[in-house]
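Coordinate inspection notes
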Amino acid sequence: NGGAYSLHIARNRGEHPLKQAKIPVALPHNAYSVVSAADDEVVLHVNHGKDSYGNLYVSDKNLDNFVLSLRNNKRDSRGHSDVLRVSSIPSILLANQISPSPYDPEQATVTKISFNRGGDWQPIPAPARDSAGNYVQCGRGNGNEGCTLNLFGPNEMETYGRLVSPRKSPGILFATGTVGTEAENSLEYSKVGTYVSRDAGLSWSHVFPFSTAGTASSHGSILLAADNLKDTNTFYFSWSSGTKWSNCSFDGVRSIHALGNGSDPIFMVRGEKNVGGVAVGVVAVVDFKNVHERECSTDDFENWTARTDRSDCIMGATRSFTRRKPESMCLVARSTEEQNTMTPCGCSIYDYECDYCHEKAKGSAVCVEVCAVDVNPPEDCDGTYPVTRGYRLIAGTDCDVEKGLDMRPEQIACPKKGVTPAWVTILLVMLAIFCTIIFFVAAFALFRRNERFNRFVMLATSHLPKRMVDPFRSVEFVRIDQEEETRSGLLLNDDE
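Now for a quick tour of the structure. Keep in mind that this is a model prediction, so the values were computed, not measured. (Residues numbered from 1 in each chain as written. Predicted model: local features only at pLDDT ≥ 70, side-chain atom pairs only at ≥ 80, totals over all residues. Heavy atoms only, no water.)

What follows is about the sheet that holds strand 20 (residues 266-275). Taken in spatial order, the three strands of this open sheet run 19-20-21, and their pairing is antiparallel. Each edge of the open sheet carries a strand with a single partner, namely strand 19 (255-258) and strand 21 (278-287). Going from strand to strand, the sheet's axes swing by 25° on average, the running direction of each strand aside. One ladder, built from ten bridges, connects strand 20 with strand 21; its direction is antiparallel. Counterpart to Val-269 in the pairing with strand 21 is Ala-284. (Pairing = 2+ DSSP bridges. Helix = DSSP H or I, 4+ residues; strand = E, 2+ residues; numbered from the N terminus. Axes fitted to C-alpha atoms, helices over the stretch in contact; angles between N-to-C directions.)

Written out as structure tokens, the structure reads:
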């Protein structure tokens, strides 16, 4: 349509007909990227004409109406958006946002995290200390006040290490990035480091002062990493989910890959060495199966509960996961089954997102109307019909509305058939009052200015007491019987 596109969606592999997606923004749609599709909800990146960024939108459970989630989400020329989903807890998203900055207005970037699938976003606080134990300095005072951690996303994978999010090790994240103030909002390449989170992105630890390419296996309990910005003959490994590290020597490490389905402690390391002046590729298999003699027992596992900085509830429930303790030096058996539990919470404001045609006010959690919303009952209205309060439940939330906040659309009774709607009755009454006022104003003007009409009124009311002669000042009632009406009529000419 004039160089722009419109998106159409069919549910259940085409069982339902294609319907145009409603995205309430008056900007052209130049391209779409599907970020994720889970629990009957789509997270969508839309390019509105800028090469380096677009907006993120999330759908309702029917995939009909999309609402704004995050502005200025970073993207590359191939359409890849900088959004990362935590594999073990899909409702947690990380995204890079292009943000105005006096330091770098074109490429200023800040990483934000959402614990409710894009319902709201917040910056990631920087760790208090670096890997050497020194306090992190961000140029404001002597502490890390205002410091944020900004991570490299998929668009930087060819240069910097990618985010590692093992599906079978809940809460473990491994990434590269930089630390800076919110005012700078920039991924400053000279300050790149490697960071690990054990609580699904809520807090992070600095582990290496350089960028690394890494991976994880054995249910995420073993991490491998190597410097990927310069030639190195060393790779690092951790048995403690990133809290402690050891190293091994290997010729010209280039990349590290986990083998199998993430359950086996086996990795492939690819390197390069010089043989007679010729670069020769080298591949080795690194097997950790025989490092520890015993398999993990029940006592070697911990029960970890995911949480946000506000509560222990994520997407309407407390979610607990079983994983190996960092200090347990044992091998997780391949047959180990995940033991996860979920207990619903009462709904809170964080289980809701803005409804269609609503957006959050700047710097606020309040949803405000940004386009017209039809609040009239449908033609086939039966019983009640919904009228939005500006909010809707996030698709996939497990919260209990009866035990918490109910911000769902209000149910309004349908108008009874054959009965005039209230607004029509009010309009008719107002119209009658208006016409009455106009009539008396016109009569008053005619009485004051037209001598013949004045004389007619005076004669018609001559039999009344004196105080009731002027009908526009003190008349309480006027009665003209047939005789008086005839007598008064004889005084008028035919043309009057």
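On we go from here.
Let us look at the side chain of Ser-165. Within the secondary structure, Ser-165 sits in the loop between strand 11 (147-151) and strand 12 (173-181). Take Ser-165: its relative accessible area is 14%, and that puts it in the buried class. Filtering out sequence-adjacent residues up to four positions away, Ser-165 remains in contact with Arg-85, Val-86, Ser-87, Ser-88, Ile-172 and Leu-173. (Buried < 20%, exposed > 50% of the residue type's maximum accessible area, 1.4 Å probe, protein only. Contact = heavy atoms within 4.5 Å.)

Another aspect to go through is empty space enclosed by the protein. Once rolled over the atoms, a probe with the size of a water molecule shows which space is left empty. The tally for this structure, following the rule as stated, stands at two cavities of 30 Å³ or more. Estimates place the volume of the largest cavity at around 40 Å³. As for the largest cavity, its lining consists of Asp-82, Val-83, Leu-84, Leu-94, Ala-95, Asn-96, Thr-111, Leu-151, Phe-152, Gly-153 and Pro-154. Mapped onto the lining of the largest cavity, the elements with two or more residues apiece are strand 7 (83-85) and strand 8 (93-98). Broken down by element, the residue count for the lining of the largest cavity peaks at three residues, all from strand 8. When the residues that make up the lining of the largest cavity are grouped by side-chain class, the tally is seven nonpolar, three polar and one charged. Empty space within the second largest cavity amounts to approximately 30 Å³. Residue lining of the second largest cavity: Ser-36, Ala-38, Glu-41, Val-43, Arg-85, Pro-90 and Arg-117, and that is the complete set. (1 Å grid on protein atoms, 1.4 Å probe; cavity = no way out; pocket = protein on both sides within 12 Å on 5 of 7 lines; lining within 4 Å. Points joined across faces, edges and corners; volume = space filled by probe spheres on them. Nonpolar A, V, L, I, M, F, W, Y, C, P; charged D, E, K, R; others polar.)

Taken as a whole and assessed by the stated rule, the structure comprises ten aromatic pairs. Summarising the aromatic geometry, the rings of Phe-208 and Tyr-236 are spaced 4.8 Å apart at their centres and angled 45° between planes, so their arrangement reads as tilted. Linking Phe-208 in strand 14 (residues 205-208) with Tyr-236 in strand 17 (residues 234-238), this pair joins segments that are 28 residues apart in sequence. Within the aromatic cluster, the residues linked to one another by ring pairs are Phe-174, Phe-208, Phe-210, Tyr-236 and Trp-245. (Phe/Tyr/Trp six-rings, centres within 6.5 Å; stacked < 30°, edge-to-face > 60°.)

Counting residues in hydrophobic clusters, the biggest one holds 28 residues, and the most contacted among them are Ile-92, Leu-94, Val-179 and Trp-204. Taken together, the elements giving at least two residues each to this core come down to strand 11 and strand 12. Once you skip the residues sitting within four places of it in the chain, Ile-92 turns out to touch Leu-84, Arg-85, Val-86, Ile-113, Ser-114, Phe-115, Ala-200 and Ile-314. With 15 residues, the next largest nonpolar core counts Trp-239, Phe-250, Phe-288 and Leu-331 among its residues. (Core = buried A, V, L, I, M, F, W, Y, C linked by side-chain atoms within 4.5 Å.)

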